[in-house]
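The chain contents come next:
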Amino acid sequence: MSWFKRKTKGITTTTEEKKDIPKGLWYKSPTGKIVDTEELEKNFYVSPEDGYHVRIGSREYFQILFDDNKFKELDADLESKDPLKFEDTKKYPERLKAAKSKTKLKDAVRTAVGKSKGKDLVVACMDFSFIGGSMGSVVGEKIARATDYALKKKLPLMIISKSGGARMMEAALSLMQLAKTSVKLAQLADAGLPYISLCTDPTTGGTTASFAMLGDINISEPGALIGFAGPRIVKDTTGKELPEGFQTSEFLLEHGFLDFITLRKDLKNKVNQYIDLISNQPLRA
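Because the structure is a prediction, the values reported are computed rather than measured.

A tally of regular secondary structure across the chain gives eight helices and nine strands. With the principal axes as the frame, the chain shows a C-alpha extent of 85 × 50 × 45 Å. Expressed as a percentage of the 285 residues in the chain, the buried residues total 42%. In the structure as shown, the chain presents an accessible area of about 16200 Å², 55% of it carried by carbon and sulfur atoms. Taken together, the 45 basic and 38 acidic charged side chains of the chain have centroids lying 5 Å from each other.

In structure tokens:
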């Protein structure tokens, strides 16, 4: 015997009236932990269940680093062109248009200046959501201009890397950005201004081969993938089994490629503590 009986037959609900469960209420970490997204946001986008650092973009990093989330964005209108008329399964302009529509970003990096613990800091932050955080001409140019701004204003610079490497659609032009950004960072070093490089998950390819590893101090978040070529390529090239944890931030710290690993909740304090120390200034509370 059923508990409930339908009194009226033929009841239907139109598509417009059907209610779906809203997306984004919960987040599932790679270890299978389920976290409320609001709780995740309050915890700096780190799973309180297992400490997993969720991939975030420039919007979230700016919110973490800048006081009261106040900053001035630099060169916000720079956009990529298609000088090589590149086409694979799609034309490059079509890929750019789709990426802009999906992410609401102009390219794979945003640069800004604002107060961090009361003092000005220039930050360039990459967005993996925009064509895999690939480094094209705009990324190189915006980082170069951010470095010029830091030189002109005598400010420290921080670059947050999150990238799959050079952008194939711009071929040699993207590879030229490695030299371009490296030269600018050398000028910053000559001027005695601090440069902090934060490698986040993932930092790979040409990004790792250039500005990501050129910091006065190179730091990372827990569990980040950092490397030049992928593990499969390295394994096939060397013909050897790779050690456990290969290319994780913990592995790189152990082998001297990183200076320290910081939890995201401590990032703002750690960065500014380093700036105070290297600048021989009183430590800010």
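So, on to the nonpolar core. Counting residues in hydrophobic clusters, the biggest one holds 28 residues, and the most contacted among them are Val-122, Leu-157, Ile-159 and Phe-211. When residues of this core are traced back to their parent elements, those giving at least two are α3 (92-103), β4 (109-116), β5 (119-126), α4 (137-153), β6 (157-163) and α5 (171-190). In terms of residue count, α4 provides more of this core than any other element does, five residues in total. Setting aside residues up to four positions removed in sequence, Leu-157 forms contacts with Val-122, Ala-146, Thr-147, Ala-150, Leu-185, Leu-188, Pro-194, Tyr-195 and Ile-196. Of all hydrophobic cores here, the second largest spans 21 residues; its members include Phe-62, Phe-66, Leu-267 and Tyr-274.

Here the focus is the environment of Asp-77. As for its position among the elements, Asp-77 is in the loop between β3 (72-74) and α3. As for Asp-77 and Lys-106, which are separated by 29 residues in sequence, their C-alpha atoms are 7.1 Å apart.

This paragraph deals with unusual backbone geometry. Negative phi values dominate among residues other than glycine, just as trans dominates among peptide bonds. The amide bond that connects Asp-201 to the next residue, Pro-202, takes the cis arrangement and shows omega of -10°. For Lys-104, which is not glycine, the phi torsion reads 65° and is therefore positive. Note that Lys-104 resides in the loop between α3 and β4. At Ile-131, a residue that is not glycine, the phi angle is positive and equals roughly 45°. For Ile-131, the position within the fold is in the loop between β5 and α4. Judged by relative accessible area, which is 25%, Ile-131 ranks as partly exposed.

Across the nine residues of strand β7 (residues 195-203), nine count as buried, placing the element largely inside the fold. Bridge count between β6 and β7: six bridges; the pairing is parallel. Among the inter-strand pairings, Leu-157 is bridged to a residue of β7, identified as Tyr-195. On the question of chirality, the crossover connecting β6 to the parallel β7 by way of α5 is right-handed. Sheet analysis places β7 next to strand β8 (residues 217-220), joined by four bridges and oriented parallel.

With that out of the way, let us pick up the pattern of salt bridges. Tallied over the full model, the rule gives 21 salt bridges. Between Asp-88 and Arg-95 there is a salt bridge, with the nearest N and O atoms lying 3.2 Å from each other. When its relative accessible area of 35% is taken as the criterion, Asp-88 is described as partly exposed. A salt bridge links Glu-141 to Lys-180, with the nearest nitrogen and oxygen atoms 2.4 Å apart. Residue Glu-141 is located in helix α4, and its partner Lys-180 is located in helix α5; the two are separated by 39 residues in the primary sequence. The partly exposed category is assigned to Glu-141, whose relative accessible area is 23%. Residue Lys-180 is classed as partly exposed on the basis of its relative accessible area, which comes to 29%.

What follows covers the packing of aromatic side chains. By the definition in use, this model includes four aromatic pairs. Between Phe-62 and Phe-66, the ring centres sit 5.4 Å apart and the planes meet at 50°, which makes this aromatic pair tilted. For the pair formed by Phe-62 and Phe-66, the shared burial category is buried. Between the aromatic rings of Phe-246 and Phe-251, the centroid separation amounts to 5.6 Å while the plane-to-plane angle is 70°, which identifies the pairing as edge-to-face.

Attention now moves to the sheet that holds β8. Here we have seven strands laid out as an open sheet, ordered β3-β4-β5-β6-β7-β8-β9, and mixed in their pairing. Looking at the sheet topology across the chains shown, the edges are occupied by β3 and β9 (260-261). The pairing of β3 with β4 spans three bridges and is antiparallel. Bridge pairing links Leu-74 to Thr-111 in β4. The strands that helix α2 (residues 58-65) touches are β4, β5, β6 and β7; relative to β4, the one it contacts most, it runs at about 10°. The sheet strands contacting α4 are β3, β4, β5 and β6, and the helix crosses β4 at an angle near 25°.

About the thresholds
- Residues numbered from 1 in each chain as written.
- Predicted model: local features only at pLDDT ≥ 70, side-chain atom pairs only at ≥ 80, totals over all residues.
- Heavy atoms only, no water.
- Helix = DSSP H or I, 4+ residues; strand = E, 2+ residues; numbered from the N terminus.
- Buried < 20%, exposed > 50% of the residue type's maximum accessible area, 1.4 Å probe, protein only.
- Areas by Shrake-Rupley, 256 points an atom, 1.4 Å probe, with all protein chains shown as cover.
- Lys, Arg positive; Asp, Glu negative; His and termini not counted.
- Charge placed at Lys NZ, Arg CZ, Asp CG, Glu CD.
- Core = buried A, V, L, I, M, F, W, Y, C linked by side-chain atoms within 4.5 Å.
- Contact = heavy atoms within 4.5 Å.
- Pairing = 2+ DSSP bridges.
- Right-handed = clockwise from strand over helix to strand, strands pointing away.
- Salt bridge = Lys/Arg side-chain N within 4 Å of Asp/Glu carboxyl O.
- Phe/Tyr/Trp six-rings, centres within 6.5 Å; stacked < 30°, edge-to-face > 60°.
- Axes fitted to C-alpha atoms, helices over the stretch in contact; angles between N-to-C directions.

Interpretation note: all reported values are geometric properties and have no functional meaning in isolation.
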